[in-house]
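The lines below spell out each chain.
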Amino acid sequence: MRAEPRAQNRAQNRTQQRAHAVRNAAAKKPATEASTASRRAVKAAVFSTLALAAWVAAFAPQLEEVRTRAAGFVSKPITKVQIENQWQRVSEAEVTQRLAAQVGVGYFEFDIDAVSASLESLPWVASAELRRIWPDTVALHLKEEVPIAHWGEGKLLNQYGELFAPEDAAQFTDLPKLAGPQQSQERVMQQYKQMSQVLLPVGLRLNGLSLSERGSWRLDVNGIRVEAGRDDVLAKTQRFARFYAQQDRAETTRFESVDLRYGNGIAVKLRAGGVAQR
């Protein structure tokens, strides 16, 4: 009777082992199938890539010809330049020379930045704007410099206090002559504007203004050299304007130079050689 329960237990154990083995096999089967599918997908992708590469290699000459024809149709050479404004100082020959290197280049290959920089290096060009017009044209608009004064020798100042040096700078004889140390042009120009506002109401024109290395100001007013010193130069200019307005015109025509560096007076040197302390 004791052997019978033992046999039953062994039978139950074998049954449980077989069930466990079945479950393990069922669990491993999806993973095996997924791995097989993955390998098949990789093989298919490799085969497709190789096939595409072979097709491209076989038809490369034809594809290159199609690409070249399409590029030629879309990006035609630039052959026309449309001028959008008139110039007074800029030479047409200089502009043509700067554009020559890019004329004939494809529409999309035309280097607008390089051409703009080249044109803006011309002395009379303040700025250059270019834009493409499909299929074969470039529009050009140039802004010229506006000179308002001479600066030193051979240079001109624009309205922003910037320097430029055209070859024909000397021909602008009506412009005032300004001078000063390096990088002082904005300061001198600002002082020039303030002094001009003081002098013009009494009929005086500021023809020149210079700042020395030591910071001393000298004015050229209606051909009269005026020394203003380093301090309170605008107040001294106002004092000179009041003094000049009170003088007889026949007398002021004899003024050769005026010294404003005195605290309570003005020294006037006459053209005949006399000196008047006022």
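Read on for a plain summary of the structure. Nothing here was measured: the structure is a model prediction, and the numbers come from that model.

Within the open sheet, the 3 strands sit side by side as β1-β3-β2. Their pairing is mixed. Looking along the sheet, the strands with just one partner apiece sit at the ends: β1 (80–83) and β2 (125–133). Shown here is a sheet whose adjacent strand axes are inclined to one another by a mean of 25 degrees, direction ignored. In the sheet, β2 pairs with strand β3 (residues 137–144) via 8 bridges, with the strands oriented antiparallel. Across the sheet, residue R131 finds its bridge partner in β3, namely A139.

Turning next to the packing of aromatic side chains. By the definition in use, this model includes 5 aromatic pairs. Taking the centre distance of 6.1 Å and the plane angle of 50 degrees together, the rings of F240 and Y244 count as tilted. Pair noted here: F240 and Y244 are both in helix α5 (residues 233–245), with a separation of 4 residues, about one helical turn. Just as F240 is buried, Y244 falls in that class too. Above the face of the W124 ring, R89 is positioned so that its terminal group lies 5.7 Å from the ring centre.

Moving on to a nonpolar patch on the surface. Together, V81, I83 and V103 give the surface a local cluster of nonpolar side chains, amounting to about 210 Å² of exposed area. Positionally, V81 belongs in strand β1.

Here we come to the pairing of strand β10 (residues 224–229). The buried fraction of β10 amounts to 5 of the 6 residues, a majority that puts the element mostly inside the structure. Where strand β9 (residues 217–221) and β10 come together, 5 bridges link them in antiparallel fashion. Residue pairing for β10: D220 is matched across the bridge by R225. Between the antiparallel neighbours β9 and β10 lie 2 residues, among them N222 with a positive phi of about 50 degrees. As defined by bridge partners, β10 adjoins strand β11 (residues 255–259) across 3 bridges and the pair is classed as parallel. Directly across from E227, in β11, lies its bridge partner D259.

Note on pairing: side chains with opposite charge can pair once their charged atoms come close. On inspection of all chains with the given rule, the structure shows 5 salt bridges. Residues E84 and R131 are paired through a salt bridge, measuring 2.5 Å at the closest nitrogen-oxygen approach. Taken together, the residues E84 in the loop between β1 and α2 (92–100) and R131 in strand β2 connect sequence positions 47 residues apart. According to the relative accessible area criterion, E84 is partly exposed, its value standing at 35%. Overall, R131 belongs to the partly exposed group, its relative accessible area being 42%. One salt-bridge network, in which partners are shared between bridges, spans R218, R225 and E227.

Rules and cut-offs
- Residues numbered from 1 in each chain as written.
- Predicted model: local features only at pLDDT ≥ 70, side-chain atom pairs only at ≥ 80, totals over all residues.
- Heavy atoms only, no water.
- Pairing = 2+ DSSP bridges.
- Helix = DSSP H or I, 4+ residues; strand = E, 2+ residues; numbered from the N terminus.
- Axes fitted to C-alpha atoms, helices over the stretch in contact; angles between N-to-C directions.
- Phe/Tyr/Trp six-rings, centres within 6.5 Å; stacked < 30°, edge-to-face > 60°.
- Buried < 20%, exposed > 50% of the residue type's maximum accessible area, 1.4 Å probe, protein only.
- Lys NZ or Arg CZ within 6 Å of the ring centre and 35° of its normal.
- Patch = residues over 30% accessible without salt bridge, like charges linked within 9 Å, V, L, I, M, F, W, Y side chains within 5 Å.
- Areas by Shrake-Rupley, 256 points an atom, 1.4 Å probe, with all protein chains shown as cover.
- Salt bridge = Lys/Arg side-chain N within 4 Å of Asp/Glu carboxyl O.

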